[in-house]
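# Reading the structure
What follows is each chain in one-letter form.
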Amino acid sequence: MRVWTTIPAWRERRRELSGSRIGFVPTMGALHRGHAALVERCRRENDIVVVSIFVNPSQFNEIADLKNYPQTLDSDLRLLEQLGVDEVLAPTAQEMYPNGYRLRVVPVDKAPVMEAAFRPGFLEGVLTVVLKLFNLVRADRAYFGEKDYQQLRAVADLAEEFFCATEILPCPTVREASGLALSSRNARLSSEGRARAAAIFEALTSAAGVDEARRLLEARGFTVEYVEERWGRRLAAVVIEAVRLIDNVSLEEVRHASGT
Ligand code: PAF
């Protein structure tokens, strides 16, 4: 496995890979089994597996959130090596944004919802860095988790609108046995908080509607930013122990859980 920290060195390497089918998993590190599932699928479906690790400052709307974001590069690299990754792109912010933020990809949205409403600048930051990464990696396929459902949709729109040559492949959310969706942010929860956070999945799947889901979550001590139904999914963002968590389930799954 090779690790690239500068863009010129990576670009030279990328030229040597032409002709291979390239799969790409973009990450911000602090890797867990959810990322491992993306990488494993990417390994099965491609000749060359590229993973990026870059904690992208432009998608954090709060400095404290960026500062608290877990950084575990050494253990991330060990995991990626075990998973048979070929190339890791781990650039610095200076490498990724040598000219600051001269240009951004901005969704033209008259009524921003959910993540776009509660984290101003988040989607812009994600889309901008993903476009940069797509141009650098020039992968055939890129793998994104369904846990960040709105991000996944925005990235799929980006690929379509900007004629990106990379196919976007959605991958199901990986959960703990309790139902808690795996997230790098879970590492910041106490063991009690982690146990309580299992109630997010339970509320999303068992409630009759969004109002009931919100009530259930509030009754369990969460601060609820939103619970909404869109795109055939029920989605929520909540805060517990000052950690913001998001999750979503398909309405199919909800109907299945309620036996209707
Ligand atoms: O989902 C993430 O980890 C990030 O938002 C991504 C897609 C790597 C962009 O920084």
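Remember, predicted model here, so these are calculated numbers, not experimental data.

## As for the overall build of the protein
- The helix and strand inventory of the protein stands at twelve helices and nine strands.
- Its C-alpha radius of gyration of 19 Å places the protein within 12% of the 18 Å reference for a compact globule of 260 residues.
- Taking the principal axes of its C-alpha atoms as reference, the protein extends roughly 55 × 40 × 35 Å.
- Sequence-distant contacts in the protein: of pairs separated by 6 or more residues, those separated by 24 or more amount to 70%.
- Surface summary for the protein: the accessible area is close to 12800 Å², and the carbon and sulfur share equals 49%.
- Taken together, the 34 basic and 36 acidic charged side chains of the protein have centroids lying 2 Å from each other.

## A look at the site of the ligand
- The immediate surroundings of the ligand are formed by Pro-26, Thr-27, Met-28, Asn-56, Gln-59, Val-126, Val-129, Phe-144 and Gln-151.
- One of the side-chain nitrogen or oxygen atoms of Gln-59 is found 2.7 Å away from an oxygen atom of the ligand.
- Contact distances for the ligand include 2.7 Å between an oxygen atom and a side-chain N or O atom of Gln-151.
- In the complex, the protein chains occlude 89% of the 290 Å² of accessible area that the ligand would expose alone.
- Going through the elements one at a time, strand S2 (22–27) and helix H7 (122–137) are the ones with two or more residues in the shell around the ligand.

## Let's talk about the pairing of strand S7 (residues 223–230)
- Relative to strand S8 (residues 233–240), S7 runs antiparallel, the two being bridged by seven bridges. Bridge pairing in S8 links Glu-229 to Arg-234.
- Turn length for the S7-S8 hairpin, with the two strands adjacent in sequence and antiparallel, is two residues, and the turn residue Trp-231 shows positive phi of about 55°.

## A look at the packing of H7 against helix H8 (residues 149–161)
- The interhelical angle for the contact between H7 and H8, taken along N-to-C directions, is 50°, at an axis separation of 10 Å. Judged by the angle between their axes, H7 and H8 are oblique. By crossing handedness, the relation of H7 to H8 is classed as right-handed. Across the interface between the two elements, Phe-122, Leu-123, Val-126, Leu-127, Val-130, Leu-131 and Phe-134 from H7 touch Gln-150, Gln-151, Ala-154, Val-155 and Leu-158 from H8.
- Looking at the contact of H7 with H8 residue by residue, the class counts come to ten nonpolar, two polar and no charged.

## Details of the pattern of salt bridges
- Summed over all chains, the structure comprises 22 salt bridges.
- Of the charged contacts, one joins Arg-119 and Glu-115 as a salt bridge, the two residues approaching to 3.8 Å between their closest N and O atoms.
- Taking relative accessible area as the criterion, Glu-115 reaches 4% and is therefore assigned buried.
- A salt bridge links Arg-175 to Asp-247; the shortest N-O distance between them is 2.8 Å. Here Arg-175 is found in the loop between strand S6 (167–171) and helix H9 (191–197), whereas its partner Asp-247 is found in strand S9 (residues 243–250), with 72 residues between them in sequence. By the burial criterion, Arg-175 is buried, and Asp-247 matches it.
- Each of Asp-65, Glu-115, Arg-119, Arg-185, Arg-188, Glu-225 and Arg-244 takes part in salt bridges that share partners, so that together they form one network.

Reading the values: rules and limits
- Residues numbered from 1 in each chain as written.
- Predicted model: local features only at pLDDT ≥ 70, side-chain atom pairs only at ≥ 80, totals over all residues.
- Heavy atoms only, no water.
- Helix = DSSP H or I, 4+ residues; strand = E, 2+ residues; numbered from the N terminus.
- Rg over C-alpha atoms; globule rule 2.2 N^0.38 Å.
- Contact = heavy atoms within 4.5 Å.
- Areas by Shrake-Rupley, 256 points an atom, 1.4 Å probe, with all protein chains shown as cover.
- Lys, Arg positive; Asp, Glu negative; His and termini not counted.
- Charge placed at Lys NZ, Arg CZ, Asp CG, Glu CD.
- Near = heavy atom within 4 Å.
- Polar contact = N/O pair within 3.5 Å; in protein donor to acceptor, adjacent residues only side chain to side chain.
- Pairing = 2+ DSSP bridges.
- Axes fitted to C-alpha atoms, helices over the stretch in contact; angles between N-to-C directions.
- Parallel < 35°, antiparallel > 145°, perpendicular 65-115°, else oblique.
- Left-handed = near helix turned anticlockwise from the far one by under 90°.
- Nonpolar A, V, L, I, M, F, W, Y, C, P; charged D, E, K, R; others polar.
- Salt bridge = Lys/Arg side-chain N within 4 Å of Asp/Glu carboxyl O.
- Buried < 20%, exposed > 50% of the residue type's maximum accessible area, 1.4 Å probe, protein only.

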